[in-house]
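Observations on the model geometry
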Amino acid sequence: MQDITFNDHSGLRYLPEYFARASQEALLEAVRSVVAEAPLYQPAMPRTGKPFSVKMSNCGPLGWVSDIKGYRYQPLHPDTGRPWPAMPDQLKDLWSTLAPDAPPAEACLINFYQASARMGQHQDRDEDMFDAPVISVSLGDTATFRVGGTNRKDPTRSFRLNSGDVVVLGGEARLAYHGIDRVLAGTSTLLKNGGRINLTLRRVTAA
Ligand code: SIN
Ligand code: FE2
């Protein structure tokens, strides 16, 4: 495993191949159990109600949701009304390894991208505190990830996220703009029917 900590001291860390294939398979199994209990749902943009191109679910005590009323964290699945399933141990371990000083993660957003899905540049800023990093895991098809600075107009860099790669947005990069330009269909055999899963771990409330 390499650890690419960018030399601009921004707090952006890229950990390619953090999870080896067997660990990716185990994590995927855990995600499948979560989604069996908390099905992927169709989020929509605040105000316009335009559907996202990704489908979402969550695990952990809180889940990030978006609908016509806005973005927020909530303890219940918007369609089933049931609590989000527990966070798998592999994700708790990842958090305690990479964010040893932070209080436990409370939310893991599960994004599912089909080949044509993307995610526009945005900041993760619906949390009450920004001291803890955001940690993301990619599974399945490769995607091009673009990350900039804390202003929308800052220069950006882009790199490919392969299955098993981890990205940490901490420090100054905690509020960096980021998004997914595209998913490269057919680049991974992890998901039987293709596509990409991204898991994003966050601390939501102030400890
Ligand atoms: C996100 O910003 O919520 C997802 C990023 C990714 O899919 O890698
Ligand atoms: Fe994000």
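Residues numbered from 1 in each chain as written. Chains lettered and ligands numbered in written order. Predicted model: local features only at pLDDT ≥ 70, side-chain atom pairs only at ≥ 80, totals over all residues. Heavy atoms only, no water.

In this section: the site of ligand 1. With respect to spatial proximity, the complete set of residues near ligand 1 consists of Asn111, Tyr113, Met119, His122, His178, Ile180, Arg196, Asn198, Thr200 and Arg202. Within the side chain of Asn111, an N or O atom sits 3.3 Å from an oxygen atom of ligand 1. Contact between ligand 1 and Tyr113: an oxygen atom at 2.5 Å from a side-chain N or O atom of the residue. Expressed as a share of its isolated accessible area of 260 Å², the protein-covered part of ligand 1 is 97%. Where the shell around ligand 1 is concerned, the elements lending two or more residues are strand 6 (107-113), strand 7 (119-122), strand 12 (178-183) and strand 13 (196-202). (Near = heavy atom within 4 Å. Polar contact = N/O pair within 3.5 Å; in protein donor to acceptor, adjacent residues only side chain to side chain. Areas by Shrake-Rupley, 256 points an atom, 1.4 Å probe, with all protein chains shown as cover. Helix = DSSP H or I, 4+ residues; strand = E, 2+ residues; numbered from the N terminus.)

Of note, Asp165 is situated in the loop between strand 10 (157-161) and strand 11 (166-169). Arg196 is the oppositely charged side chain nearest to the buried, salt-bridge-free Asp165, at an N-O distance of 8.3 Å. With near-sequence residues (within four places) excluded, Asp165 lies in contact with Tyr14, Leu15, Pro16, Glu17, Tyr18, Ser136, Val137, Ser138 and Arg160. (Buried < 20%, exposed > 50% of the residue type's maximum accessible area, 1.4 Å probe, protein only. Lys, Arg positive; Asp, Glu negative; His and termini not counted. Salt bridge = Lys/Arg side-chain N within 4 Å of Asp/Glu carboxyl O. Contact = heavy atoms within 4.5 Å.)

On to the coordination of the iron ion (ligand 2). Bound to the iron ion (ligand 2) on the protein side are His122 (NE2), Asp124 (OD) and His178 (NE2), at distances that span 2.1 to 2.2 Å. Its 4 donor atoms give the iron ion (ligand 2) angles of 89 to 175 degrees at the centre, a pattern that matches the irregular case. Within one chain, the residues donating to the iron ion (ligand 2) are spaced in sequence as H-x1-D-x53-H. Note that His122 is positioned in strand 7 and His178 in strand 12, a separation of 56 residues in sequence. Among the residues examined, His178 registers a relative accessible area of 8% and is labelled buried. (Donors = N, O, S within 2.8 Å, 3.2 Å for Na, K, Ca; no water. Tetrahedral: all angles 85-135°; square planar, octahedral: opposite > 155°, others 65-115°.)

Quick look at helix 2 (residues 89-98) now. The set of residues buried in helix 2 consists of Leu91, Leu94, Trp95 and Leu98. For helix 2, the angular spread of the buried residues around the axis is 95 degrees, confining them to a single face. On the buried face of helix 2, the contacting elements are strand 2 (12-15), helix 1 (21-37), strand 6, strand 8 (134-140), strand 11 and strand 13. (Arc of directions from axis to C-beta.)

Tallied over the entire structure, the rule returns 5 aromatic pairs. When the ring of Tyr14 is compared with that of Phe159, the centres are 4.6 Å apart and the planes differ by 35 degrees; the resulting orientation is tilted. Note that Tyr14 is positioned in strand 2 and Phe159 in strand 10, a separation of 145 residues in sequence. Three or more aromatic residues joined by ring pairs form one cluster here, namely Tyr14, Phe145 and Phe159. Here Arg196 stacks its cationic end above the ring of Tyr113, 4.9 Å away from the centre of that ring. (Phe/Tyr/Trp six-rings, centres within 6.5 Å; stacked < 30°, edge-to-face > 60°. Lys NZ or Arg CZ within 6 Å of the ring centre and 35° of its normal.)

Quick look at the pairing of strand 13 now. Burial analysis of strand 13 places 7 of its 7 residues in the buried class, the great majority of the element. Across the two faces of strand 13 the burial is the same, with Arg196, Asn198, Thr200 and Arg202 and Ile197, Leu199 and Leu201 all buried. In this sheet, strand 13 lies alongside strand 6 in antiparallel orientation, the contact comprising 7 bridges. Considered in strand 13, the bridge of Ile110 is made with Leu199. (Pairing = 2+ DSSP bridges.)

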